[in-house]
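One-letter residues, chain by chain:
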Amino acid sequence: MKVNDIAEKIGLAVTVAGDLQKKVTDCYISDLLSDVMAHSKEGALWVTLQTHPNTVAVAVIKGISGIVITNGRQPEPETIKKAEAEQVTIMTSPQTTFEIAGQVYQILRKS
Amino acid sequence: MLTVDPIEGCFQLMGGDFTNAGAASSELKSTLTKLGVVSNIVRRVAIAAFEAEMNVIIHAVAGTMHYTITPAMVKVVVTDMGPGIEDIDLAMQEGYSTAPDWVREMGWGAGMGLPNIKKNADMFKLDSVVGEGTTLEITIYIREDDEG
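What you see is a predicted model, and the numbers here were worked out from it, not measured in a lab.

Engineer: Outline the packing of helix H2 (residues 39-59) of chain B against helix H5 (residues 113-120) of chain B, supporting the account with residue identities and numerical values.
Structural biologist: Residue and element names in this part refer to chain B. Between H2 and H5, the shortest axis-to-axis distance is 9 Å and the interhelical angle comes to 155°. Relative to H5, the element H2 lies roughly antiparallel. For the pair H2 and H5, the crossing hand works out as left-handed. Mapping the contact onto sequence places Arg 44, Ile 47, Ala 48, Glu 51, Ala 52, Met 54 and Asn 55 in H2 and Gly 113, Asn 116, Ile 117 and Asn 120 in H5. When its residues are assigned to classes, the contact of H2 with H5 shows five nonpolar, four polar and two charged.

Engineer: Provide a residue-level description of the interface of chain A and chain B, including the pertinent values.
Structural biologist: In this assembly, 15 residues from chain A lie in contact with 18 residues from chain B. Contributing elements (two or more residues each) for the side of chain A that touches chain B: helix H2 (33-39) and helix H3 (54-62) of chain A. Take the side of chain A that touches chain B: its biggest share by element is five residues, from H2(A). Considering only residue class, the side of chain A that touches chain B consists of eight nonpolar, four polar and three charged.

Engineer: Any chance you could break down the environment of A:Thr96 for me, citing the residues and the numbers?
Structural biologist: Residue and element names in this part refer to chain A. Inspection of the secondary structure assignment puts Thr 96 in the loop between strand S5 (90-92) and helix H5 (97-110). What makes Thr 96 partly exposed here is the crowd of 14 C-beta atoms within 10 Å. Separated by 50 residues in sequence, Thr 96 and Trp 46 place their C-alpha atoms 14 Å apart. Aside from chain neighbours lying at most four places away, what touches Thr 96 is Thr 70 and Asn 71.

Conventions we followed
Residues numbered from 1 in each chain as written. Chains lettered and ligands numbered in written order. Predicted model: local features only at pLDDT ≥ 70, side-chain atom pairs only at ≥ 80, totals over all residues. Axes fitted to C-alpha atoms, helices over the stretch in contact; angles between N-to-C directions. Helix = DSSP H or I, 4+ residues; strand = E, 2+ residues; numbered from the N terminus. Parallel < 35°, antiparallel > 145°, perpendicular 65-115°, else oblique. Left-handed = near helix turned anticlockwise from the far one by under 90°. Contact = placed C-beta atoms within 7 Å. Nonpolar A, V, L, I, M, F, W, Y, C, P; charged D, E, K, R; others polar. Buried ≥ 20, exposed ≤ 12 C-beta atoms within 10 Å, placed from the backbone.

Structural data, given as structure tokens:
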């Protein structure tokens, strides 16, 4: 399952298109950056409320396949700039983290 | 094992510079990848280096990250001019943090950084003088049986 496929299935808005063909192998939910540093797996989709530029740095270090920002929040302009430079995909949704998590779980379980 | 000169480098870190946080660790990660170091080792070094970099940005005025890469190991030394750590045992406890609230709101300061650095390092040395600064030295060995 690719980032693109998941974005289409759930209706995520792509704010920054990094590698949309990247394979999504897992998903991690957390608003604590050190928790993501410690426990997320490479290739995971990261669902969070955080919108600041450090999210991009964490995504690069951990090999995150894409960041999903929930609850209608938007990434900060600096975050967008960094994500474009680092080719990190950022997507947004008006849905809650719970709703996104449920859908991603169903998709990854079937794929 | 080939006998080659170690590869060394150094990054300057600025306290409070959240905008460029992760730049040093990302560059180190990319250097290791280009050298063909196995990805499991690259991942461990990158995680430990990033957490150490964040500690300088969150707590210190300024610091440096110095790395040495040999065929057998990667060593990272992060030295800062900062407040120092009063109680290192306490600082090593998961969940303990002295980070201010606004840093916690960004999702940092969960008290997971130092334990996570230690978890990813084969050798871990933390020295600190209150009012002067902190030096963190970590070594990660590259073993031939490491999985890619």
